[in-house]
Every structure is written in C-alpha cells, then in structure tokens.
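# Chain and residue survey
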Amino acid sequence: MEKTKQSKRSVGTAYEEKAAEYLQSRGYFILCRNFRCRQGEIDLIARQGGYLVFIEVKYRKTGGSGRPEEAVTLGKQRAICRTADYYRLCQGLGEETPCRFDVVAILGEEIILYQNAFSYVPGRK
C-alpha cells in the first residue's frame, strides 16, 4: 500500500526532529525549521561557531534505493542556495555573513553529518 503524503510528511518531520537533536548535541543552535518560500525549502537553519548553517536532512529506511546523501542533487543544491539567499535577505544579513551548507544523512538508525557538504551553487540566470 502506498504511503499517503501526510504520513510521508510526518515521517520526514520525525527525522528532522531527530537531526535537530543530534545537531544541538554538537553545538548547533537551531534558528528555524522548515523555512519555505517560492524558491524552495530548507529543513533546518542554525548557528554553529561563526557560521549560519543551512541544513538538508535526508532519510532512508534502507540503502536499497541509494544512500540518503545521494538525493541532494545539483538541482536540490541550487534550490537550497536560492532559498538561503532569500532567508538572508529577509533577516537583513548580507553576503558577507559566513554561511555553510550541511547535510544530515540518516540511514536506518545511523546518522552522518556532512559539514560543508557543498559550496554555494548559483541559480540559473
């Protein structure tokens, strides 16, 4: 039986919460969860050290369809970067604000944090 959109969202929310707890235990201060705008969505936004960190959370029950971090494609990276630009604009933060893009990959019960998983990817002009 195919999962409904609502049940997939609740699974996603549960694993985003698990990722947030994991990050907080490593010194991240969560500023925002599920920031959405026309450009896209960012699962978690945090401060860590001197960085504003935009975090994508990916979960897979098993590795049968690939590792979770493999789902953060170039297109997804572009959308995250456009959304991060909009977030900074809304918060009055300039381009000089040190930013980083992290990925939290959850495979079963294993959590892997990829700090600086990708560099800023400009959108298509």
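Refer to the structure printed above.
Now for a look at the structure at hand. (Residues numbered from 1 in each chain as written. Predicted model: local features only at pLDDT ≥ 70, side-chain atom pairs only at ≥ 80, totals over all residues. Heavy atoms only, no water.)

## Structural notes on the side chain of aspartate 102
Going by this rule: Where helices and strands are cited, they refer to DSSP runs of H or I of at least four residues and of E of at least two residues respectively, numbered from the N terminus. Residues adjacent in sequence count toward polar contacts only when both atoms are side-chain atoms; beyond that, a polar contact is any pair of N or O atoms within 3.5 Å, and within protein one must be able to donate a hydrogen and the other to accept it. We call two residues contacting when some pair of their heavy atoms lies within 4.5 Å.
As for its position among the elements, aspartate 102 is in strand β4 (residues 99–107). Here arginine 100 takes part through its side chain, which lies 2.9 Å from a polar atom of the side chain of aspartate 102. Within the local environment of aspartate 102, its side chain forms a polar contact with the backbone nitrogen of asparagine 116, the two atoms lying 2.8 Å apart. The contact partners of aspartate 102, leaving out residues within four places of it in the chain, are Tyr28, Val53, Phe54, Ile55, Glu56, Leu113, Tyr114, Gln115, Asn116 and Ala117.

## Things to note about the pattern of salt bridges
When the charged atoms of two side chains with opposite charge come close together, those side chains can pair. Here is the rule we go by: Only one rule defines a salt bridge in this text: a Lys or Arg side-chain nitrogen within 4 Å of an Asp or Glu carboxyl oxygen. The cut-offs for exposure are 20% and 50% of the maximum accessible area for each residue type, with area from a 1.4 Å probe on protein chains only; residues under the lower value are buried, those over the upper are exposed, and the others partly exposed.
Throughout the structure, instances matching the rule amount to seven salt bridges. Across the pair lysine 18 and glutamate 109 runs a salt bridge, and its minimum N-O distance is 2.6 Å. With lysine 18 in helix α1 (residues 5–24) and glutamate 109 in the loop between β4 and β5 (110–114), the pair connects residues that are 91 residues apart, well separated along the chain. Since its relative accessible area comes to 61%, glutamate 109 is described here as exposed. The salt bridge partner of aspartate 85 is arginine 88, with a shortest N-O separation of 2.9 Å. Of this pair, aspartate 85 and arginine 88 both sit in helix α2 (residues 74–90), three residues apart, which is roughly one turn of that helix. The class for aspartate 85 is partly exposed, based on a relative accessible area of 26%.

## Some points on the environment of leucine 23
Along the chain, leucine 23 falls in helix α1. Residue classification places leucine 23 among the buried residues on the basis of a relative accessible area of 0%. Considered as a pair, leucine 23 and leucine 113 are 90 residues apart in the sequence and their alpha carbons are 8.5 Å apart. Leucine 23 has contacts with Tyr28, Leu44, Ile55, Val104 and Leu113, leaving out every residue within four places of it along the chain.

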